Amino acid sequence: MKNYLLFFVLFTISYSGYSSDASDSIFDKLNDALKNKQKYVLLKEERILNFKKIKSEGLSKEQEYNYNKTLYTEYQKFNSDSAILYVKKNLIIASELQNKNLSDLAELQLANLYSSSGKYRESEAILKSINKKTLAKSLLPNYYLAYREFFEHYNANSTSKIYIELIGKYRDSLLGVLNPATLNFKINQIQKNIFDKKNAVALKQLSILLKDTKEEDSQYAMITYLFGSIYESTNQLELRKKYYALSATADIKNAIKDNASLQELALVFYEIGDVDMAYKLTQSAIEDALYCNVQFRTLLMSEIYSIINTAYLEREAERKAELQLYLLFISLLSGFLIVAVIYVYRQMKKVSKIRGELFMTSQKLAELNKDITETNSQLQERNAQLSESNHIKEEYIAHFFNLCSAYITKLENYRVILNKKAALKQFDEISKMLKSTILVEKELQELYENFDVIFLNLYPTFVKDFNALLINEEQIVLKQGELLNTELRIFALIRLGITDSVKIAAFLRYSLSTIYNYRTKARNKAAVSRNDFEETVMKIGLLPLKV
């Protein structure tokens, strides 16, 4: 029943939502973290430096003690030598204050730092000098933690059942004094369950913690590391690799130099045959251990490094042999290539000569094509003009007949009116009608309006295109309800092919000089060449305008 429960918990917790894509993403993040490792170190150093800058001159001894304790916390897993420096400063301050609790706390911190940096005798001497009976109750967790970690560090030199039992004993003591609601208690409880091989219980507890922990949290690396430890004991390689990778990534991003994840992950990659990655991770782990001066980590890594380095050197030797073989093949291929290049060079000279002859021929063909293209363009333009002329003629013939019919009807109506007035002997009325110009003006106005409508039906964009030929500040703005003004009618007639100013003047009932003035002013306002202005106007609606 226990085995079934363990399998069920492992399967449910580990494989829900787990995919190869997620795994790829995890290792992409790890590689990115390794690549930017120095950046995270610099950020950590910058944060510490900024904290150091805020120290004021007027701090009390208690405040300076707390200031140093903060720096100890920052350096503890980053640089043990610097952490030792600030703990020693606190020992002096505690002595000056004659405060036993502060002194005991600093002693316990120093003992922990000494054991991690390989100074076991000094660490043991400090721990033995501390009387547990006189120790403040609040310092008991620090006391049991210092002893537990002392034996963990010392056990790295010589694995002994006695030390393992002592580690378990002090862990139990630590659990007895920690607040069960704290994260520190929960993690120690999980470590105890793992030690007691209660993996199913430990996995359940870890899963609850992981849900409430973000990747940037300081305990995230420890939680994922413990996951990896369980999967290592249950021989689940992929999950072990995944969680050690998560833990290692978190440690790198938080600039934690005293870490175990990298060395464990290096062993995983070594087991699956990825010697390059194993070597890369081992190098990184050794760099961290040396940087932080964590002696027991360096000792553990030296054993792993010798194994992985041997495998890496063997792999490099194989690659070197392969490279030499490839160089031999490349040398032979280079010889063939030189011969081929000489042959190709000779052929290219022949081809170059033929190309020269073809180039001359193609130039002649290009010139002929150009002439043909120009001729075709001219023909197309003429055809377009003829087509347009035919269209204009057809439109105007139809409108001409309509206008003639309308004017005949109007003349007949006018004759009838005059005849009636003559019959009634209303000679004064007849005289007034004959002398009045209202009818003529009205007819002229109607004529121009008809002209405007007919012309704009033929060339709907004439006003816009005409304005495009003028400079911006001289463009024509029509009044409300106006289709064309006098100036536009003059150039509308020119667009229709009526270029004679005498005919234009007769049609518009203006003097010849007025027409000349309008045409001259328009040319002066032109944005195109003045000499080509009217010729360009005649192409409106036929070809695209070039302004």
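**Here we look at the environment of Ala522**
Then, in step 1: Checked against the element boundaries, Ala522 lands in helix α22 (residues 512–524).
Then, in step 2: Ala522 sits in the buried class, given a relative accessible area of 0%.
Then, in step 3: Taking the C-alpha atoms as reference points, Ala522 and Glu474, separated by 48 residues in sequence, lie 9.1 Å from one another.
Then, in step 4: For Ala522, the contacting residues outside a window of four places in its chain are Leu470, Glu487, Phe491 and Phe533.

**Remarks on the packing of aromatic side chains**
Then, in step 1: Inspection of the entire model under this criterion finds 29 aromatic pairs.
Then, in step 2: Here Phe51 and Tyr67 contribute two aromatic rings whose centre-to-centre distance is 4.9 Å and whose plane-to-plane angle is 15°, an arrangement assigned as stacked. Of the two residues, Phe51 is situated in helix α3 (residues 37–53) and Tyr67 in helix α4 (residues 61–76); the sequence distance between them amounts to 16 residues.
Then, in step 3: Since its relative accessible area comes to 23%, Phe51 is described here as partly exposed.
Then, in step 4: Exposure remark for Tyr67: the relative accessible area of 10% places this residue in the buried category.
Then, in step 5: Ring geometry for Phe455 versus Tyr459: centroids 5.1 Å apart, planes at 45°, classification tilted. When sorted by exposure, Phe455 lands in the same class as Tyr459, which is buried.
Then, in step 6: Among the aromatic residues, those joined into a cluster by ring pairs are Tyr120, Tyr143, Tyr144, Tyr147, Phe150, Phe151, Tyr154, Tyr163 and Tyr170.
Then, in step 7: We note Lys169 situated over the ring of Tyr170; from NZ or CZ to the ring centre the distance is 5.4 Å.

**Some words on the packing of helix α20 (residues 486–495) against helix α21 (residues 501–508)**
Then, in step 1: Put simply, α20 and α21 touch, their axes get as near as 11 Å, and they point 130° apart. Taken together, the axes of α20 and α21 lie oblique to each other. Where α20 crosses over α21, the two elements pack in a sense that is right-handed. Residues Thr486, Arg489, Ile490, Leu493 and Ile494 of α20 touch α21, and the partners they reach there are Ile504, Phe507 and Leu508.
Then, in step 2: Here the contact of α20 with α21 is built from residues that sort into six nonpolar, one polar and one charged.

**As for the packing of helix α7 (residues 120–129) against helix α8 (residues 140–155)**
Then, in step 1: Remark: α7 packs on α8, axes separated minimally by 11 Å, with the N-to-C direction vectors making an angle of 155°. With respect to α8, the element α7 is oriented roughly antiparallel. The interaxial crossing formed by α7 with α8 has left-handed handedness. For the pair α7 and α8, contact is made by Tyr120, Ser123, Glu124, Leu127 and Lys128 and by Tyr143, Ala146, Tyr147, Phe150, His153 and Tyr154, respectively.

**Comments concerning the layout of surface pockets**
Then, in step 1: The space that makes up the second largest pocket amounts to roughly 290 Å³.
Then, in step 2: Together, 11 residues line the second largest pocket, and Lys410, Leu411, Tyr414, Leu439 and Glu443 are the ones closest to its centre.
Then, in step 3: Every element with two or more residues in the lining of the second largest pocket is listed here: α16 (295–423) and α18 (438–458).
Then, in step 4: No other element matches the six residues that α16 contributes to the lining of the second largest pocket.
Then, in step 5: When grouped by side-chain class, the residues that make up the lining of the second largest pocket number seven nonpolar, one polar and three charged.

**Observations regarding the nonpolar core**
Then, in step 1: In terms of nonpolar packing, the biggest core is built from 44 residues, with Tyr65, Tyr75, Leu110, Leu127 and Tyr143 touching the most fellow members.
Then, in step 2: Mapped by element, the contributors of at least two residues to this core are α3, α4, α5 (80–97), α6 (100–116), α7, α8 and α9 (161–177).
Then, in step 3: Looking at this core element by element, the count peaks at eight residues for α6.
Then, in step 4: Those residues in contact with Tyr75, other than ones at most four positions away along the chain, are Ile48, Lys52, Ser80, Ser82, Ala83 and Tyr86.
Then, in step 5: In terms of nonpolar packing, the next biggest core, distinct from the first, is built from 40 residues, Ile223, Tyr244, Ala278 and Tyr279 among them.

**Some words on a nonpolar patch on the surface**
Then, in step 1: On the surface, a cluster of nonpolar side chains totalling about 1100 Å² of accessible area is made up of Leu323, Leu325, Tyr326, Leu327, Leu328, Phe329, Ile330, Leu332, Leu333 and Phe336.
Then, in step 2: You can see Phe336 is positioned in helix α16.
Then, in step 3: Phe336 gets classed as exposed once you look at its relative accessible area, which sits at 62%.

**Some thoughts on the side chain of Asn259**
Then, in step 1: One can find Asn259 in the loop between α13 (237–253) and α14 (261–271).
Then, in step 2: For Asn259, a relative accessible area of 7% translates into the label buried.
Then, in step 3: Of note is the side chain of Asn259, whose polar atom sits 2.9 Å from the backbone oxygen of Ile256.
Then, in step 4: For Asn259, the contacting residues outside a window of four places in its chain are Asp251, Asp288 and Arg297.

**What to know about unusual backbone geometry**
Then, in step 1: Backbone geometry places Gln98, a non-glycine residue, at a positive phi of 55°.
Then, in step 2: Here Gln98 is to be found in the loop between α5 and α6.
Then, in step 3: The backbone of Asn235 shows a phi angle near 60°, a positive value even though the residue is not glycine.
Then, in step 4: Its place among the elements puts Asn235 in the loop between α12 (220–233) and α13.

About the criteria used
- Residues numbered from 1 in each chain as written.
- Predicted model: local features only at pLDDT ≥ 70, side-chain atom pairs only at ≥ 80, totals over all residues.
- Heavy atoms only, no water.
- Helix = DSSP H or I, 4+ residues; strand = E, 2+ residues; numbered from the N terminus.
- Buried < 20%, exposed > 50% of the residue type's maximum accessible area, 1.4 Å probe, protein only.
- Contact = heavy atoms within 4.5 Å.
- Phe/Tyr/Trp six-rings, centres within 6.5 Å; stacked < 30°, edge-to-face > 60°.
- Lys NZ or Arg CZ within 6 Å of the ring centre and 35° of its normal.
- Axes fitted to C-alpha atoms, helices over the stretch in contact; angles between N-to-C directions.
- Parallel < 35°, antiparallel > 145°, perpendicular 65-115°, else oblique.
- Left-handed = near helix turned anticlockwise from the far one by under 90°.
- Nonpolar A, V, L, I, M, F, W, Y, C, P; charged D, E, K, R; others polar.
- 1 Å grid on protein atoms, 1.4 Å probe; cavity = no way out; pocket = protein on both sides within 12 Å on 5 of 7 lines; lining within 4 Å.
- Points joined across faces, edges and corners; volume = space filled by probe spheres on them.
- Core = buried A, V, L, I, M, F, W, Y, C linked by side-chain atoms within 4.5 Å.
- Patch = residues over 30% accessible without salt bridge, like charges linked within 9 Å, V, L, I, M, F, W, Y side chains within 5 Å.
- Areas by Shrake-Rupley, 256 points an atom, 1.4 Å probe, with all protein chains shown as cover.
- Salt bridge = Lys/Arg side-chain N within 4 Å of Asp/Glu carboxyl O.
- Polar contact = N/O pair within 3.5 Å; in protein donor to acceptor, adjacent residues only side chain to side chain.

Geometric descriptors of this kind do not, in isolation, establish any biological role.
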